[in-house]
Each structure stands twice: as structure tokens, then as C-alpha cells.
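The residues making up each chain are set out below.
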Amino acid sequence: MIRALRRAALGALALATVALPAGAQDAQAILRRVEQSYRALSSYTQTIGTTATTRVGKVNRTQGFQSRLKYVRPNRMLLTITTPAAGTVTVACDGKQIILHRSLTGQFVRRAAAPDLAGVLKSLGRLGIGSEMDPLYFLANPSAVRRLMSAKIVGSRAIAGQPCQLVRAKWVSTSLLRGKTGTITLAVEKATGLVRRVEMEFRGVPVTIVERDTRGAKPAVTRRKGTLTRTVTITAQEVKANPRLSERDLRFSPPPGSVEARPAPGARP
């Protein structure tokens, strides 16, 4: 009797194990490989192009920028971000301190560096440089792929000449649109398990639209309910896993004439 019950229990467990659709199982295997691949990196370089489009009501706004990253574990990095509107932002971390320089203003700030990349990204977030669910974020937080829900394989595509598998999932944003659920599609390179493209989309997010009419003597302000749609596409155009990087490759000094901006009293480090 006991043996029969044991066999029944084992059979039920086996059925529970295979209850997940095959496509979902394969997607989970790809995501586990992504986590393992980023954990295995000791150094990394990438060139990335990003396009972000936001639609509020009938108004569309599109922004694009380029970034270059050189990184050595656990926390040394050189990152440049270039946009038409804001010029070039340079972030350098030598393991002990972070320097962030903005070419548009000629100002830079210094901050003590956290001992790992995840801590460095938190400091950058407080300085207005955000990262979520992109290759830099996965470098700092390889287990972030576990936050993806209902993952499934939706096809394959070559990105920058490299064959990739496409995995689509839901996730709750902690930064881009905090607390909102979006759809994310990862293009995972078959040869390396690294992410070559990220497509994020939020649809129908409730917002308050503020409109100002300045035609009269006294400007009129109206508020109405609306929705926001945001799409972000991040493409890693050039990627090198575990390249040999020297101190010179990561070195940065603010250009002559730059002015150091002191933190306000009571500001978080």
C-alpha cells in the first residue's frame, strides 16, 4: 500500500514537472543561460544604439543616443553616452571613485565607488543615469532575468550578423516606468548567451495630460486624463566578451576647464 502511494505521488510530481509548455521550458533554459553567461564575464565591451519613443495622447516624441562601455569586474568601467540634445556624458570608475562629466555644461562630479557594479549603477541612478533590463543592467544583476514572467520563444533573428533567439516576457519595471507592467523581448545570441537586443514596450499607461494655452493675456492650464505608450529599443552593435583591457583603456580625466560641482548639503552620496 505504501509503495503504491509512493508511486502515485512520484507520478503526480512528474506530471507537475512536465505541465509547463515545451516552449516555455525552452525559454526558461535560454534565460538561465543568459544569467550564467553574464556571471561568467570578467571583462566586457559594447557599443549600443538606443531609440526611445513616447506617445502621450496624440503627441509623439522620439529620442536616440549612442553609448560605449568598457568594463572590468567587479566595478571598473568607462562609459560614454552621446545624445544630440545633451552632448556626451562620460562615466569613469577606477574601483575607488566615480567621475561623471557632462560636456554640455563642462561640469563633473565625484562619488565614492561601491564595491560592485550593481552599487555603482545605483549611484549613477541618483545622478540621472538610469539602466534597466539592458546589457549593462544584466552585467550588474545577472539574476534580473528571473523577474521575467510568462516567457516564451517567439522566433529568431540575426542581430549585427549574429543568429539570436527571441524570448518575449512580461515584467514589472522598477525604474523606467516604476511599478508598471511592460512587455520585453530579448534577442539572445546563440553562440554566447549574451543579449544583443532589448525591446521594451508599455501600452495604455494612465497619465494626466497638462496643456497650456498662452494665446490670451493670462495663460490657461487644463488637465485631462490620457494614456502613455513607450517603446525602447536597445541594440548591441559591437560586443566583446572577456577582452584584455588595461588601465589605460579605462582611464579618464575631466577636460581642461571643467568645473567640479559640489553636492548640496545633505545630498545622498
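Note that this is a predicted model, so its numbers are computed, not measured.

## A few points about the overall build of the protein chain
Step number 1: Check the secondary structure of the protein chain and you find five helices and 12 strands.
Step number 2: When contacts within the protein chain are restricted to residue pairs at least 6 apart in sequence, those whose partners lie at least 24 apart make up 53%.
Step number 3: In the structure as shown, the protein chain presents an accessible area of about 15,800 Å², 53% of it carried by carbon and sulfur atoms.

## Focus on helix α3 (residues 117–126)
Because the α-helix completes a turn every 3.6 residues, residues three or four places apart line up on one side.
Step number 1: Counting buried positions along α3 yields seven of 10 residues, so the element is predominantly enclosed.
Step number 2: Turning to α3, the residues buried within the fold contact β2 (59–72), β3 (76–83), β4 (87–93), β5 (97–102) and α4 (135–140).
Step number 3: Positive phi shows up at Gly128, right after α3, with a value of about 95 degrees.

## Section: the packing of aromatic side chains
What describes a pair of aromatic rings is the distance from one ring centre to the other and the angle between the planes of the rings.
Step number 1: Counted by the stated rule, this structure contains three aromatic pairs.
Step number 2: Measuring from ring centre to ring centre gives 5.9 Å for Tyr38 and Phe138, while their planes differ by 45 degrees; the resulting arrangement is tilted. In this pair, Tyr38 sits in helix α2 (residues 22–39) while Phe138 sits in helix α4, placing the two residues 100 residues apart along the sequence. Of the two residues examined, Tyr38 and Phe138, each falls in the buried class.
Step number 3: Between Trp171 and Phe202 the ring centres are 5.3 Å apart and the planes differ by 55 degrees, which places this aromatic pair in the tilted class. Taken together, the positions of Trp171 in strand β8 (residues 162–172) and Phe202 in strand β10 (residues 195–213) put the pair 31 residues apart, joining distant regions of the chain.
Step number 4: Relative accessible area serves as the criterion here: at 0%, Trp171 is assigned to the buried category.

## Things to note about the side chain of Ser67
Step number 1: Summarising the element assignment, Ser67 is placed in strand β2.
Step number 2: Assessed through its relative accessible area of 9%, Ser67 is described here as buried.
Step number 3: Not counting residues up to four positions away in its chain, the partners in contact with Ser67 are Gln46, Thr47, Ile48, Leu79, Thr80 and Ile81.

## Things to note about the nonpolar core
Note on soluble globular proteins: their nonpolar side chains tend to be buried together.
Step number 1: Within the largest apolar cluster, 55 residues are counted, with the highest numbers of intra-cluster contacts made by Tyr38, Leu117, Leu124, Leu139, Ile184 and Leu186.
Step number 2: If we ignore the near neighbours within four places in the chain, the residues touching Leu117 are Tyr71, Pro74, Asn75, Met77, Leu136, Leu139 and Ala140.

Rules behind the numbers
- Residues numbered from 1 in each chain as written.
- Predicted model: local features only at pLDDT ≥ 70, side-chain atom pairs only at ≥ 80, totals over all residues.
- Heavy atoms only, no water.
- Helix = DSSP H or I, 4+ residues; strand = E, 2+ residues; numbered from the N terminus.
- Contact = heavy atoms within 4.5 Å.
- Areas by Shrake-Rupley, 256 points an atom, 1.4 Å probe, with all protein chains shown as cover.
- Buried < 20%, exposed > 50% of the residue type's maximum accessible area, 1.4 Å probe, protein only.
- Phe/Tyr/Trp six-rings, centres within 6.5 Å; stacked < 30°, edge-to-face > 60°.
- Core = buried A, V, L, I, M, F, W, Y, C linked by side-chain atoms within 4.5 Å.

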